[in-house]
Amino acid sequence: MSDDKVQTLKVKRSSRLSGFYRQTPESRRTRLVESRWLAPEEAEACAGLGGFDEACADAMVENVIGLHGLPLGVALNFVVNAQDRLLPMAVEEPSIIAAASYAARLCAEGGGFSVSWDEPITTAQVQLLEVPSLTAAETVLRTRAPELLAEANACMGAMCARGGGARELEVRVLDATTLVVHVHVDTRDAMGANLVNGLAERMAPRLAALTGGRVGLKILTNLADRRKVYVRTTVPASALASEGFPDGTAVRDAILEAQLFAEMDPYRAVTHNKGVMNGVDAVLVACGNDWRAVEAGAHAYAARSGVYRPLTSWKQGPAGELVGLLEMPLATSTVGGAARSHPGVQRALKLARVTSAVDLAGVAAAAGLATNLAALKALSTEGIQKGHMALHARRVAAEAGAQGELVEIVAERLARERVYRPERAREILAEEAGRKGTVR
Ligand SMILES: CC(C)(COP(=O)([O-])OP(=O)([O-])OC[C@H]1O[C@@H](n2cnc3c(N)ncnc32)[C@H](O)[C@@H]1OP(=O)([O-])[O-])[C@@H](O)C(=O)NCCC(=O)NCCSC(=O)C[C@@](C)(O)CC(=O)[O-]
Ligand SMILES: NC(=O)C1=CN([C@@H]2O[C@H](COP(=O)(O)OP(=O)(O)OC[C@H]3O[C@@H](n4cnc5c(N)ncnc54)[C@H](O)[C@@H]3O)[C@@H](O)[C@H]2O)C=CC1
């Protein structure tokens, strides 16, 4: 066994880092080193732009004129499949990381998150138009499927050697003369977009020759419904009690009502799902994944019945507990894409102890179930404004010109007054700066 593995077994890292949010970024990094989540040099490398520079950026996209930063935080308290995890989150919106950490703490009281997943299948679509006989085309494709899959695998030896490869060929009829051929490929730790797009282009002429059709588009589908992730969590009703809401069962019932609202009304379901994507996207962005692909797939999946529905479901369990489930397509990667070219991505994956693409999908989905729970709990009790705006107040204070400890002082006063206007922030700042004799 490697030294690293022995170390991992000896040191059980906790994701509960009490008081973390009251620390400075620098002392938080030190804390991650002390608690053995990061090596000292990794923690140091997180500072600033984390080693991301113009040369990296210029190699990544086109027409680069500079860099664009986002805050990188960590969500605490996650226990996923009985293992403590810290989740890196890159996001511009205040209160999401706090919400994820808060809900993960509630879920930890019921044992955390149980996560499972499908094989990492990415699907290529080859469109065939003007097919003379759909019946004959379907028959020939089904008969030749083993041979076509073998040919597909012959052009991706390295992927097959990793345990991936083409798994199934599916034929779908779109109209009287149009077929689409799906090639389902296990792409292991890659999202697999470039791989299956290349495969679709290679296979298309042969598919056209076999069916007599004309080749149309050749591209993956982002409705990755063969690549789903499943998360379950349980929160004891007693854990839901909070200041001003001492009856946890009443909070649970209010969350169940909120769930019903989302099930009955697509206008509400969209916002409900935005609360899920708050957590999912923040983890995906930190880990350099294609969140647009995941977003597109998630919403198509939410509407698969013909009506847009919530991605999560909250129910009452047999012992009165709150049981939450999330099922969604989640095509992730730990190789390829930005993983190669962005130094922060490798660090984020390491901090989260991500072992594979499906593992990343599992923790991102756990984050999504958590942010959904936090939002529903806030909405069902004190309302979203109190917690969210209290954190938003820090941004208002900073925008008004507050620096250092004055950010917290001004933000606290804004939150107490429940007024978040920039002019009020400037007034408070002038008072506080005057009181401290501080030049801002
Ligand atoms: C914001 C909280 C967590 C406060 O909630 P609270 O009850 O005031 O928190 P607390 O002081 O009791 O602390 C509980 C834990 O929360 C975390 N926490 C607490 N404060 C911080 C902080 N400053 N920074 C980092 N973490 C924080 C931290 O983990 C802490 O545990 P501790 O470490 O003390 O043991 C709560 O009000 C909440 O979850 N609100 C929901 C916020 C939210 O969903 N924001 C997203 C923006 S709104 C939106 O986009 C989605 C929405 C709402 O439209 C979706 C929908 O409609 O369904
Ligand atoms: N509609 C969409 O979603 C589209 C997305 N894209 C973009 O394509 C990129 C993702 O495509 P990929 O093919 O995943 O990336 P990629 O082209 O960087 O390929 C990843 C490669 O890594 C190699 N690899 C090394 N170790 C591996 C392992 N353990 N498991 C699997 N592969 C391993 C394989 O050769 C694999 O093909 C993203 O940047 C995405 O934004 C591109 C076109 C369309």
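These figures come from a predicted structure and were not determined experimentally. (Residues numbered from 1 in each chain as written. Chains lettered and ligands numbered in written order. Predicted model: local features only at pLDDT ≥ 70, side-chain atom pairs only at ≥ 80, totals over all residues.)

**A closer look at the sheet that holds strand S4 (residues 121-129)**
And then number 1: Overall, antiparallel pairing links the four strands, which are arranged S5-S6-S4-S7 in an open sheet. With partners counted over all chains shown, the strands left at the sheet margins are strand S5 (165-175) and strand S7 (214-220), one partner each. In this sheet, neighbouring strand axes are inclined to one another by 20° on average, regardless of whether the strands run parallel or antiparallel.
And then number 2: Sheet topology note: the S4/S7 ladder contains five bridges and is antiparallel. Among the inter-strand pairings, alanine 124 is bridged to a residue of S7, identified as leucine 220.
And then number 3: Along the sheet face, helix H6 (residues 134-154) touches S5 and strand S6 (178-186) and points at about 160° away from the line of S5. (Pairing = 2+ DSSP bridges. Helix = DSSP H or I, 4+ residues; strand = E, 2+ residues; numbered from the N terminus. Axes fitted to C-alpha atoms, helices over the stretch in contact; angles between N-to-C directions. Contact = placed C-beta atoms within 7 Å.)

**Structural notes on the site of ligand 2**
And then number 1: Within the structure, ligand 2 sits among 20 residues, and Arg188, Ala190, Ala193, Asn194 and Gly336 are positioned closest to it.
And then number 2: Here the shell around ligand 2 gets four residues from one element, more than from any other, and that element is helix H8 (residues 193-211).
And then number 3: Within the shell around ligand 2, the residues separate by chemical class into eight nonpolar, eight polar and four charged.
And then number 4: Two domains share the shell around ligand 2, each providing at least three of its residues, namely domain 1 (3-118 + 227-382) and domain 2 (121-220). (Near = placed C-beta within 6 Å. Nonpolar A, V, L, I, M, F, W, Y, C, P; charged D, E, K, R; others polar. Domains from an automatic or database assignment.)

**Considering the pairing of S5**
And then number 1: As paired strands, S5 and S6 are joined by nine bridges and run antiparallel to one another. When the sheet's bridge partners are listed, valine 171 is paired in S6 with valine 181.
And then number 2: Counting the residues between successive antiparallel strands, the hairpin from S5 to S6 contains two residues.

**Observations concerning the site of ligand 1**
And then number 1: Surveying the vicinity of ligand 1 reveals 28 residues, the closest of which are Tyr21, Ala98, Tyr102, Gly275 and Gly387.
And then number 2: Listed by contribution, the elements that provide at least two residues to the shell around ligand 1 are strand S1 (72-80), helix H5 (96-108), helix H10 (266-286), helix H14 (357-380) and helix H15 (384-399).
And then number 3: A total of seven residues in the shell around ligand 1 trace back to one element, the largest contributor, which is H5.
And then number 4: Of the domains in this structure, domain 1 (3-118 + 227-382) and domain 3 (387-436) are the two that each give at least three residues to the shell around ligand 1.

**Observations regarding the nonpolar core**
And then number 1: Membership of the largest hydrophobic core comes to 110 residues, with the highest contact counts inside it found for Leu87, Met89, Ala100, Val283, Ala365, Ala366 and Ala367.
And then number 2: In terms of residue count, H14 provides more of this core than any other element does, 16 residues in total.
And then number 3: For this core, the domains that each give at least three residues are domain 1 (3-118 + 227-382) and domain 2 (121-220).
And then number 4: Discounting residues that sit within four places of it in the chain, valine 283 has contacts with Leu87, Pro88, Met89, Val363, Ala364 and Ala367.
And then number 5: In terms of nonpolar packing, the next biggest core, distinct from the first, is built from 13 residues, Val396, Leu406, Ala425 and Leu429 among them. (Core = buried A, V, L, I, M, F, W, Y, C linked by C-beta atoms within 7 Å. Buried ≥ 20, exposed ≤ 12 C-beta atoms within 10 Å, placed from the backbone.)

**Some remarks on the packing of H10 against H14**
And then number 1: One can describe the packing of H10 onto H14 by two numbers: an axis separation of 7 Å at closest approach and a directional angle of 140°. Between H10 and H14, the crossing angle belongs to the class labelled oblique. Regarding H10 and H14, the two cross each other, and that crossing is right-handed. Touching His272, Gly275, Val276, Met277, Asn278, Gly279, Val280, Ala282, Val283 and Leu284 of H10 are Val363, Ala364, Ala365, Ala367, Gly368, Ala370, Thr371, Asn372 and Ala375, all from H14.
And then number 2: Residues that form the contact of H10 with H14 fall into these classes: 12 nonpolar, seven polar and no charged. (Parallel < 35°, antiparallel > 145°, perpendicular 65-115°, else oblique. Left-handed = near helix turned anticlockwise from the far one by under 90°.)

**Brief notes about the environment of arginine 418**
And then number 1: Considering the arrangement of structural elements, one finds arginine 418 in the loop between helix H16 (405-417) and helix H17 (422-436).
And then number 2: Its 11 C-beta neighbours within 10 Å are what place arginine 418 among the exposed residues.
And then number 3: Once the C-alpha coordinates of arginine 418 and proline 146 are considered, the two residues, 272 residues apart in sequence, prove to be 66 Å apart.

**Describing the packing of H5 against H14**
Between two packed helices, the angle of one axis relative to the other and the distance separating the axes together describe the packing.
And then number 1: Orientation of H5 relative to H14, taken along the N-to-C sense of each, is 95°, at an axis distance of 8 Å. When the axis of H5 is compared with that of H14, the two are roughly perpendicular. Between H5 and H14, the contacting residues are Ile96, Ala99, Ala100, Tyr102, Ala103, Ala104, Leu106 and Cys107 on the first element and Ala367, Ala370, Thr371, Leu373, Ala374 and Ala375 on the second.
And then number 2: Of the residues that constitute the contact of H5 with H14, the class distribution is 13 nonpolar, one polar and no charged.

**Regarding the confidence of the model for the chain**
And then number 1: Residues with a pLDDT of 70 or more make up 97% of the chain, whose mean pLDDT is 94.
And then number 2: Across residues 5-10, confidence stays below pLDDT 50; counting only partners more than four residues off in sequence or on other chains, it has one contact.
And then number 3: Quick note on the complex model: pTM equals 0.93, ipTM equals 0.93. (pLDDT = per-residue confidence, 0-100.)

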